[in-house]
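Structure assessment
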Amino acid sequence: MVAVSETGVAPVGAPVVRRRIQTSRGYRVFQVVNALILTAVMVITLYPFINLLAQSFSAQGAIAAGRVNLIPKGFNLTTYKTVMADPTFWENYRNTVVYTVVATLIAMVLTTCYAYVLSKKNVKGRGFLIGIAVFTMFFNGGLIPNYVLVNDLGLRNSIWAIVLPNAISVFNLLVMKAFFESLPGELEEAAMVDGLNTYGILWRIVLPLSKAVLATMVLFYAVTFWNSWFSAFLYMDNNSMFPVTVYLRNLIAGATGGTDQSASGDTALQVAANIQAVTIVLTVIPILSIYPFIQRYFVSGVMLGAVKG
Amino acid sequence: MSSTQPLGAATAAGSRPARRLRRRTWRQALRRDWRLYSLAVAPLAFFAVFRYVPMLGNVIAFRWYQPGGNLFGEYWVGFYYFQEFWSDPSFWHVFTNTLVLGLLSLLFTFPAPVILALLLNEVRSSRFKRIVQSISYLPHFLSVVVVAGIIIQLTSTTGPIDQMLGHLGHAPIDFLQQPGWFRQIYVSSEVWQTAGWGTILYLAALTTIDSQLYEQARIDGANRWKQTWHVTLPGIRPTMVTLLILNIGTFMAVGFEKILLIYNPLTYSTGDVISTYLYRVGVQSGSFSYAAAIGLFESLIGLILVVSANFISRRVVGTSLW
């Protein structure tokens, strides 16, 4: 930016050709600076992951000595074997998969149904139905009433404590509504003439046309549920019911929760460091491995949502 | 934005059917569209039970509540719990912390994506641009637990930051145990996590700017810096304002989950915010009514903030959410 403002002072009366040359030289400098800044952004973004990977393959001693940065020191797979040998880890991993699948499925059904209703411009009470949903974006009950409610409903220690309170994301709902609205109405009218009722139209006409947005929504929900931890942390008392995020949380809580950071606490922290690193790596691997393929769906989903805000 | 939608639809469909629709009664509407309404039943039940019942559940802020008893409390106590937290110094302490953390986050996380988007917009090689985008979006997809884990690893006494300090001859700092570092750690991790993803909407807005405006500006002798200032920034202003209003709306709820994961009693003096405080008081210590009173206060401030931000922006720049 500095480079640009430097060359920006081309005299007003200067010949056009000269100004263009000047600008382009300054612009070239800017391009180089810009590329450097953006490269720095990439490095800063990726650095923690590389450090994490390096730690996960390193020996405890090297980490405790503060020698591990970008390259593993004392390369070994022992920590991976240790973590993967823990049956609770796999149990919790399986829980995460189950919770994610069930929650995404239910969320998709509810969101699709409601979005389809909202997308019908001439349905009576439409404004009210939209308002009910949108208002919750700006005002919600808050932690305590939700907590009391879930406990009172007896959902504690069940998958429903995770699934039901988060079953519809209003943002996703609006994205889907926007997509349904963009579909040509003639198709549905034609289907109605052919004798299909509302359910048939939704199932046979609208949904097959909406595969792209459905895939996007599945990903939105799945990533959210995969990453979520707080509901489980709040409503589950049993180790065997935790998702893997809570497993990881309990690992790292040992590292932050210290009221007393005595010498023993400090070594506990260091011993855990490579275990933590491995657990983090194993937790993010599914996301990282599908990330390159899902990223553009996310982007398109966000854009679709933004249009209707 | 969406308020123009029904108008457009009405003119497209012609005014006569529109008038007929408006006159339809609920009975007729239900008879004609009952299948459609039936699809809304389950979602409405969801909103009623899990969104609106908790809103009503806030009455326990005014009532004596017994854990395990009536969801809406046993008997009225008026503003007792409000007076209680109002005169509680710990509340005002976390209130101040919330404002400071919220303001700092806003100050850094709001402009970061704008700047990054402007820089990306100047990149000529679309391949390079795509790579930067893909990489910078990545942190958005991580669980907050993973982010907290990363923060802990980076800031530990054996982590890379302290290694670098060690090379400079500085003694290692136990960052997460020091109240003086909490805000920096929190805000920079927020920027790390949100800057890249935040560019999406700005980049989209940038592509909609009419290239003739740039042409015109060049003819008028504007250099690239002036073009950015007079054409690009005004072009993305509606997007900026919209996102700013949304940010202000979530201002009071500052990264609750992340703070819960990275703070500890040693850093309460800077890290403890309203939401974490009410979590400890309510869920952990069981003072539900007291915590609900604080929570209600917090939500109301949030609502007031977003409504007034929206109002001001509609008056001043003509952009608003509703």
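Residues numbered from 1 in each chain as written. Chains lettered and ligands numbered in written order. Predicted model: local features only at pLDDT ≥ 70, side-chain atom pairs only at ≥ 80, totals over all residues. Heavy atoms only, no water.

As recorded in an unreviewed UniProt entry, chain B goes by Sugar ABC transporter permease and comes from Actinospica durhamensis. Regarding chain B, the relevant UniProt record gives this comment under Sequence similarities (unreviewed entry): "Belongs to the binding-protein-dependent transport system permease family." (UniProt positions renumbered as here; feature names shortened; annotations may be inferred.)

The next point concerns the UniProt feature "transmembrane region" (unreviewed entry) in chain B. Residue and element names in this part refer to chain B. Per the UniProt entry, the sites bearing "transmembrane region" (unreviewed entry) are residues 34-53, 99-123, 135-155, 195-214, 235-256 and 288-312 in this numbering. As annotated, residues 34-53 has a helix share of 100% and a strand share of 0%, and its two end C-alpha atoms lie 26 Å apart. Taken end to end, residues 99-123 has its terminal C-alpha atoms 37 Å apart, with 88% of it in helix and 0% in strand. (Helix = DSSP H or I, 4+ residues; strand = E, 2+ residues; numbered from the N terminus.)

This brings us to helix 5 (residues 87-119) of chain A. Relative to the 48 Å expected for 33 residues at 1.5 Å per residue, helix 5 of chain A spans 47 Å between its end C-alpha atoms, a close match to the ideal helical length. Its side-chain oxygen 3.0 Å from the backbone nitrogen of A:Thr88, A:Asp86 forms the N-cap of helix 5 of chain A. (Expected span 1.5 Å × (residues − 1). Polar contact = N/O pair within 3.5 Å; in protein donor to acceptor, adjacent residues only side chain to side chain.)

The next thing to look at is the interface of chain B and chain A. Opposite the 107 residues of chain B that make contact, chain A presents 109 residues. Note on chain B versus chain A: buried area summed over both sides is about 9,300 Å², and carbon and sulfur give 75% of it. When the buried area of chain B at its contact with chain A is split by residue, B:Phe50, B:Phe141 and B:Gln153 rank highest and sum to 8% of it. Between chain B and chain A we count zero salt bridges in total. On the surface where chain B and chain A come into contact, there are 23 residue pairs in polar contact (both at pLDDT 80 or more). A class-by-class count of the residues in the side of chain B that touches chain A yields 72 nonpolar, 23 polar and 12 charged. (Contact = heavy atoms within 4.5 Å. Buried area = accessible area lost by both parts, 1.4 Å probe. Salt bridge = Lys/Arg side-chain N within 4 Å of Asp/Glu carboxyl O. Nonpolar A, V, L, I, M, F, W, Y, C, P; charged D, E, K, R; others polar.)

Another aspect to go through is a nonpolar patch on the surface. Residue and element names in this part refer to chain A. A contiguous nonpolar surface patch, about 200 Å² in accessible area, is contributed by Val29, Val33 and Ile37. Position of Val33 among the secondary structure elements: in helix 2 (residues 16-56). The exposure class of Val33 is partly exposed, given its relative accessible area of 34%. (Patch = residues over 30% accessible without salt bridge, like charges linked within 9 Å, V, L, I, M, F, W, Y side chains within 5 Å. Areas by Shrake-Rupley, 256 points an atom, 1.4 Å probe, with all protein chains shown as cover. Buried < 20%, exposed > 50% of the residue type's maximum accessible area, 1.4 Å probe, protein only.)

Quick look at helix 7 (residues 126-137) of chain B now. Owing to its 3.6 residues per turn, the α-helix aligns residues three or four sequence positions apart on the same side. Taking 1.5 Å of rise per residue, 12 residues should cover 16 Å, and helix 7 of chain B covers 16 Å from first to last C-alpha, within 8% of that figure. Among all positions in helix 7 of chain B, only B:Val132, B:Gln133, B:Ile135, B:Ser136 and B:Tyr137 are buried.

The next thing to look at is the pattern of salt bridges. Going through the model one piece at a time under the given rule, you end up with nine salt bridges over all chains. Linking A:Lys120 and A:Glu188 is a salt bridge whose minimum nitrogen-to-oxygen distance equals 3.0 Å. Linking A:Lys120 in the loop between helix 5 and helix 6 (126-138) with A:Glu188 in helix 10 (residues 185-193), this pair joins segments that are 68 residues apart in sequence. For the residue pair A:Lys120 and A:Glu188, the accessibility class agrees, reading buried in each case. A salt bridge links B:Asp272 to B:Arg280; its shortest N-O distance comes to 2.7 Å. With relative accessibility at 4%, the residue B:Asp272 sits in the buried group.

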